[in-house]
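Take a look at the letters that make up each chain.
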Amino acid sequence: MNSHFQNDCVEILKERAAKGQISRRQMLQGMAALLGTSALGLGATQARAADGKLVFVNWGGDALDAMQEAFGQPFTAESGIQVLYDGSGPTEGAITAQVTGGNPTWDLVDADPFTSQALGRKGMMEKIDYTIVDPTKQREGFQWDYSSSCYFYSYVIAYDATQFDTPPTSLKDFFDTDKFPGKRAMYKWGAGMWEAALLADGVAPADLYPLDLDRAHAKIEGFKDHIGAFWGGGAESQSLLLNGDVSMALIWNTRASLLDKDTEGEITFTFQGGIIGPGGIGVLKGNPGGTEEAMRYIAATQDPARQAKFFELMGNGPSNPAADSLIPEELRHYNPMDPENLPKQVALNTDWYEENYASALDAYLQLISA
């Protein structure tokens, strides 16, 4: 998963618990579902895989001291395998060091699918065993050799409805400050922003990839005077709209949903023109807990009821389409993968990001900092 987005999901859970919107138990359930663990805590230097245990590494968050229900407890009950959480962050460099060091202590990682794919082609990740992980429980177009999809999020247009007589309905509207006055906010780390710029500039969704970065950067460069901020974290993106610093922003659907609920629709959003980001789980080559055991854990996360529960807590779209119908009807309009919302969006192309993200991000950061 996008590391910045994953960290933001943890923040949302803590914020909702602090406001009394969910119980501490629900917060812990959500953490477990998000982090894919049944036992959390231990830290990078302490977590070690052993017989009957797996170490799942993601991007961090507060250590938790209890077994969780959403994914961990059912998996442990079914398999007898405990999962330990390590929040040291599965960067490409850290995964490489684990594998090339010859004695990895990690089993599973919450890494961007394009990262797992790139490392897998270098012999550092196990291929997903689709005799254990059920491909029919994944969405079409989101299956990879070295990463298994686990949930989804979207970059969406969020806007202050009190400022406009008619709502924006496209990315072209996002870039039209004559028709929709006010400052804008965009994502600091590039993903989804190139697609947004090109779609607003008239590129058809089917023709997006390979991305024309020169055209995308030219579009953003010409729009910079209207950008009030490039946000780096979800809380910041939410505050920019709440404080009136911007009238419209491209932000994660999880934050946009909270804004819609908290302001009773005064700040709302549309999935029209949304950019879907997939999160994935990968398995390290030579992982000490066992490749088959790691694959069984991934398979357990595909359970539709567990995914629907996580959506209710966090707003992440389920990777198993069977979970869509389990989401309460009054909440389905918040699900980025709902059959009503999915056709309005385009998905990030993992193959393109695998080959191009590092250089594209360098150029983007130079552009927005100039």
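Residues numbered from 1 in each chain as written. Predicted model: local features only at pLDDT ≥ 70, side-chain atom pairs only at ≥ 80, totals over all residues. Heavy atoms only, no water.

(A) Representation of the pattern of salt bridges within the structure. Scanning all chains against the criterion turns up 7 salt bridges. Between Arg 139 and Asp 324 there is a salt bridge, with the nearest N and O atoms lying 2.9 Å from each other. Within this pair, whereas Arg 139 is found in the loop between helix 5 (113-121) and strand 4 (148-160), its partner Asp 324 is found in the loop between strand 9 (317-318) and strand 10 (346-347), the two being separated by 185 residues in sequence. Arg 139 gets classed as buried once you look at its relative accessible area, which sits at 8%. The salt bridge partner of Asp 201 is Arg 215, with a shortest N-O separation of 2.7 Å. Here Asp 201, found in the loop between helix 7 (193-200) and helix 8 (213-221), pairs with Arg 215, found in helix 8; they are 14 residues apart in sequence, far enough to count as distant. One connected set of salt bridges, linked through shared partners, spans Glu 78, Asp 303 and Arg 306. (Salt bridge = Lys/Arg side-chain N within 4 Å of Asp/Glu carboxyl O. Helix = DSSP H or I, 4+ residues; strand = E, 2+ residues; numbered from the N terminus. Buried < 20%, exposed > 50% of the residue type's maximum accessible area, 1.4 Å probe, protein only.)

(B) Layout of the nonpolar core. Formed by 62 residues in total, the largest nonpolar core has its most connected members in Tyr 155, Met 186, Trp 194 and Tyr 364. Here the element with the most residues in this core is helix 13 (residues 350-369); it accounts for 8 residues. Membership of the second largest hydrophobic core comes to 20 residues, among which are Ile 281, Ala 294, Ile 298 and Ala 300. (Core = buried A, V, L, I, M, F, W, Y, C linked by side-chain atoms within 4.5 Å.)

(C) Representation of the packing of helix 7 against helix 8 within the structure. Contact geometry of helix 7 with helix 8 gives a least axis separation of 8 Å together with a crossing angle of 80°. If you check the angle between helix 7 and helix 8, you find them roughly perpendicular. Note on element contacts: helix 8 touches helix 7 through Leu 213, Arg 215, Ala 216, His 217, Lys 219 and Ile 220, opposite Met 193, Trp 194, Ala 197, Leu 198 and Ala 200. Of the residues contributing to the contact of helix 7 with helix 8, the split by class is 8 nonpolar, 1 polar and 2 charged. (Axes fitted to C-alpha atoms, helices over the stretch in contact; angles between N-to-C directions. Parallel < 35°, antiparallel > 145°, perpendicular 65-115°, else oblique. Contact = heavy atoms within 4.5 Å. Nonpolar A, V, L, I, M, F, W, Y, C, P; charged D, E, K, R; others polar.)

(D) Seen up close, the packing of helix 8 against helix 13. The geometry of helix 8 relative to helix 13 is characterised by a closest axis approach of 11 Å and an angle of 30° between their N-to-C directions. What the angle tells us is that helix 8 and helix 13 run roughly parallel. Considering the relative orientation of helix 8 and helix 13, their crossing is right-handed. Along its contact with helix 8, which presents Leu 213, His 217, Ile 220 and Glu 221, the element helix 13 presents Trp 352, Ala 360, Ala 363, Tyr 364 and Leu 367. Partitioned by chemical class, the residues of the contact of helix 8 with helix 13 number 7 nonpolar, 1 polar and 1 charged. (Left-handed = near helix turned anticlockwise from the far one by under 90°.)

(E) Here's a closer look at the side chain of Ser 154. Locating Ser 154 in the fold gives a position in strand 4. Engagement of the side chain of Ser 154 in a polar contact is seen with the side chain of Gln 345, the distance being 2.7 Å. (Polar contact = N/O pair within 3.5 Å; in protein donor to acceptor, adjacent residues only side chain to side chain.)

(F) Seen up close, the pairing of strand 8 (residues 267-283). Burial of strand 8 is extensive: 16 of the 17 residues sit out of reach of the surface. Bridge count for strand 3 (residues 108-109) against strand 8 is 2 bridges, and the pairing is antiparallel. Bridge pairing links Val 109 to Gly 282 in strand 8. Relative to strand 10, strand 8 runs parallel, the two being bridged by 2 bridges. Bridged to Ile 276 within strand 10 is Ala 347. (Pairing = 2+ DSSP bridges.)

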